[in-house]
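If you want the building blocks of each chain, they are given just below.
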Amino acid sequence: MALSPDDVAGLAALSRIQLSAEEREHLAPQLDEILQAVATVSELDLAEVPPTSHALPLQNVFREDVVQESLPRDAALAGAPAAEEDRFRVPRILGEDA
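Along each chain, residue indices are assigned from 1 in the same order as the chain's sequence is written. Two thresholds apply to this predicted model, a pLDDT of at least 70 for residue-level local features and 80 or more for giving and counting side-chain atom pairs, whereas whole-chain, interface and lining totals are computed over all residues. Remark: hydrogens and water are excluded; side-chain values derive from all non-hydrogen atoms of the structure.

**Student:** When you look at the overall build of the protein chain in this model, what are you seeing that I'm missing?
**Tutor:** What the protein chain contains, in helices and strands, is three helices and two strands. Counting from the N terminus, the helices are the DSSP runs of H or I reaching at least four residues and the strands are the DSSP runs of E reaching at least two. Each helix (α) and strand (β) of the protein chain, taken in turn from the N terminus, gives the series α-α-α-β-β. Referenced to the eigenvectors of the C-alpha coordinate spread, the extents of the protein chain come out at roughly 60 × 45 × 20 Å. Taken as a whole, the protein chain presents about 9,600 Å² of accessible surface, with 56% of it coming from carbon and sulfur. If the 7 positive side-chain charges of the protein chain are averaged to one point and the 19 negative ones to another, these points end up 15 Å apart. To be clear on the numbers: accessible area is Shrake-Rupley with a 1.4 Å probe, and residue cover counts the displayed protein chains and nothing else. Charge assignment: positive for Lys and Arg, negative for Asp and Glu; neither His nor the chain ends contribute. To locate a charge, the coordinates of NZ of Lys, CZ of Arg, CG of Asp or CD of Glu are taken.

**Student:** Would you explain unusual backbone geometry in this entry?
**Tutor:** Trans is the common state for peptide bonds, and a negative phi is the common state for residues other than glycine. At Arg16, a position not held by glycine, the phi torsion is positive, near 60 degrees. Along the chain, the position of Arg16 falls in the loop between helix H1 (5–15) and helix H2 (21–42). The backbone of Asp86 shows a phi angle near 60 degrees, a positive value even though the residue is not glycine. Mapped onto the elements of the fold, Asp86 is located in the loop between strand S1 (83–84) and strand S2 (87–88).

**Student:** Before we go on, may I ask you to explain the pattern of salt bridges in this structure?
**Tutor:** Side chains that differ in charge, positive against negative, can pair when their charged atoms come close. Salt bridge, as applied in this entry: a Lys or Arg side-chain nitrogen positioned within 4 Å of an Asp or Glu carboxyl oxygen. This model, assessed by the stated rule, comprises three salt bridges. With a closest N to O distance of 3.5 Å, Glu84 and Arg89 form a salt bridge.

Listed below in structure tokens is the structure:
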């Protein structure tokens, strides 16, 4: 099953990405190749392969969690581009209402 430009348009809408008709036409076969490659990998017998997230084993280094004095609020807000009601003021994202 090949991806159509309409399929790409649906994926773009879910991802909140605006694509032109030319971009959808261009991306459809590329995304279809990716899906075929994933399907090929899913056909492999991986029952004896242990699950991993990295090719090499990793070890996390933790430090002691120590309570200490923090930066005073006024000092922290002094470097902010905008502050409101003793908090950092940041722009709204994704059209969310306050």
